Amino acid sequence: MSTTPALSANSIIGKATPRIDGPLKTTGSADYSADFHFERMVHAVPLIASIANGRITRLDSSAAESMPGVLLVLHHGNIGPLYRTVPGDDNATNSEVRSPFEDEVVRHWGQHVAVVIAETLEQATAAAAAVHVEYEAETPDVNMKLGDYAGPRKSVSKRGDPDAAFASAPVKIDAVFGTPVETHNPIELHASVAVWDGDRVTLYETTQGVVNHRVVMAQVLGLPVENVRVITRFLGSGFGGKLFPWPHAAMTAVAARRLNRPVKLSVTRRMMFSCVGYRPRTQQHVKLGATKEGKLLALRHDYLNNTSMLDEFDEGCGEATPYLYSVANLEVTSAQPRRNMGAPMWFRGPGAVPGLYALEAGMNELADELRIDPVQLRLLNEPENDESNKNIPFSSRHLRECYEVGAKKFGWERRSPGVGSMRRDGKILGWGMAAASWVALRLPCAATVEFCADGRLCVRCGTQDIGTGTYTVFAQMVHEKTGVPLDRIDVILGDSNLPAGPTSGGSMVTGSVLDAIASGANNAIKRLQQVAASTEGSPLHGASLETISFTGGRLHRKDQASAEGAHFADILTTAKLARVSGEGKTVPSWEDPKAKGFSVHSFGAQFVEVEWDPEIARLRVSRVVSVIDGGRIINPKAAANQVMGAVVMGVGMGLLEETHYDGRTGQPINCNMADYLVPTCPDAPEIDVTFLDYPDPAMGEFGARGIAEIGLAGVAPAITAAVYHATGVRVRDLPVRIEDLLKSQVV
Ligand code: MOS
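Presented here is a report on the structure given in the accompanying data block.

### Section: the pairing of strand β2 (residues 54–60)
Strand direction decides the pairing type here: β2 and strand β4 (residues 105–106), joined by two bridges, are antiparallel. Each bridged residue has a counterpart across the sheet, and for G54 the counterpart in β4 is V106. Relative to strand β6 (residues 132–137), β2 runs antiparallel, the two sharing six bridges. From the neighbouring strand, R58 faces β6, where its bridge partner is E134.

Written as structure tokens, this is what we have:
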């Protein structure tokens, strides 16, 4: 297989580069969606259903409408035409099938039933509380026991005869694992600001995909797509919750059109738990059959996840299962029981993260059953090729090295396997590990790079920075190609009018944008060379194009030092040009011959230490070593930051996060940051992140795969293995609760 060319020693690719947008953020001058203010702007506050199943029998907004400052109350009776998006249109992915206020049926607690628009936020809030709604309520189904499901299942992946192989296997694990509903809680709340100009609307949105958002909103509002513009300059993260539009965006746009005034709607933290998605509950039955030596013979992974009453949402827990291990007999099946809950949504590392929790927890139980070291068990079952897909080769898989490097950095060889057998400072230590994996793909992307007569360079792309460092990666790549200093590079993102770029999802942006920026820069340089050669008064006038070099922002003859040439700003000025630009495109993976016929994934290994203090029943994750094989790392600082954040999120998944629904009302009852627990600084362990940094030949010129979501994969099963090692308590339903730990016999 061909290898990706090495970069020069002084290349900025692979150098820890601070965020170019850091100063804007730390000085409060970065404009997030809810920061946009306009003349005559008014405020919208939604009213949400207080039942989870039933119908609205009466909605009386007269009292609200007569309150001070109230301008409009929208609901099912007066919202006017709103449309659904075209099924199967990949350019218009929506979060919910149903458009807002489409009917009077309530299918989950917190469904929007009305929205009040008033001069001030306070007036709108007060009036929303005064809208009188009567319901005919039925008992909601928010049962978290999905195992009762008896309907059909679909086979996601199958090879061999897993049932026969399991039945005859000498060693077996047969266990059900569960992951709870987890609610996306980015710091920035969802918000929408809609501004109309005639029949055109500009939407300032909290979206992870301005291009998709635009097409969805055009379809929902029934507008030509060119009449909609979506702007997202900065995002305070999203974790998947902001991938696709939610109903409040259409409500805001309709209100603004009706009133012919800009309208702002900011979703409250409480509503974040009911109106804008969550990771669904999963229940996963894992069966592993192995020889006494630990060779896998059979693998079954049958999972269930809840979906809403109208939406088809498959969490995809079997994503990594079919290719992670060598096993001749395997099947993954799935089904989605419906519940009276909102639409689920992709949540960091969707599918693979909860799926790998179950698979890797199962592997750790198998290692204990066999009395084999869990690293050894995995090495023993490492596949040569992707057995789930015609045995095609992996483009770049270095999982063995992840285990080896991780074990060494962690000090794994000092592990004594007995439960409660390791102690430090009066506390019991538990050590556990697990594998991680995540798909890699290059999405289509266009970008333009522009040289300006004022000596600045501008790069434009209709993608957005979710907070991961996308602005900085763009600047790095432009600097790499032009040598122009970072502080003279302007990165313009977050606008659907820009050349179409990818959605910030699936950890795919970096890998998808690099080639487009690089080829855009190459094309812009070519234009500059043409200008330099054809402009009278230019020192390169009349030179043939092959003889003109471009170094550090200067054009010069190949046989000259760059200082003897001319700066691009001078060339443009002499040519009386304001700017020249070049367009670039990324060829998506599915059109790239170098990616065809390869299984392309990132890999990783997580090693976790917990400290258990039985006297006060305190468990803490004290140390995590994370080794990631994510292709070439473009910015190790931003990349390590992604993995550290993901590891902390993994502590939340293992020990804290869970959305509780009240069985009587269907309400998510811990719908605030006091009751929905996420890890804070004292919960964060010492984290050691290592990247193997092997460029992936299937990932374009630069060989970068995604590195964000994979950091969460494998953390929770490594935690539950460590918990077992320390306490002897086997937790199979996350999060690990204090009630579970109190069963520990270890003293
Ligand atoms: Mo991520 S869940 O694809 O935003």
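### Looking at the sheet that holds strand β15 (residues 329–335)
If you trace the five strands from one edge of the open sheet to the other, you get β7-β15-β14-β13-β8, paired in mixed fashion. Sheet topology places β7 (154–159) and β8 (171–179) at the edges, where each strand pairs with a single neighbour. Strand-to-strand twist in this sheet, taken as the mean axis angle between neighbours without regard to direction, amounts to 10°. The pairing of strand β13 (residues 282–290) with strand β14 (residues 296–305) spans nine bridges and is classified as antiparallel.

### Details of the sheet that holds strand β18 (residues 445–452)
The four strands lie next to each other as β20-β19-β18-β24, forming an open sheet whose pairing is mixed. Edge positions in the sheet fall to β20 (489–492) and β24 (579–586), since each of these pairs with one other strand and no more. Averaged over all neighbouring strand pairs, the angle between strand axes comes to 20°, with direction disregarded. Examined bridge by bridge, β18 and strand β19 (residues 457–460) share four bridges and lie antiparallel to one another. Looking at β19, one finds that V449 is bridged to V459. The strands touched by helix α12 (residues 470–482) within the sheet are β18, β19 and β20, with β20 carrying the most contacts at an inclination of about 135°.

### As for the environment of V621
Its location among the elements puts V621 in strand β26 (residues 618–629). With relative accessibility at 1%, the residue V621 sits in the buried group. Separated by 412 residues in sequence, V621 and G209 place their C-alpha atoms 35 Å apart. The residues contacting V621, other than those within four sequence positions of it, are V608, E609, V610, V651, L655, D683, P685 and I719.

About the criteria used
Residues numbered from 1 in each chain as written. Predicted model: local features only at pLDDT ≥ 70, side-chain atom pairs only at ≥ 80, totals over all residues. Heavy atoms only, no water. Pairing = 2+ DSSP bridges. Helix = DSSP H or I, 4+ residues; strand = E, 2+ residues; numbered from the N terminus. Axes fitted to C-alpha atoms, helices over the stretch in contact; angles between N-to-C directions. Contact = heavy atoms within 4.5 Å. Buried < 20%, exposed > 50% of the residue type's maximum accessible area, 1.4 Å probe, protein only.

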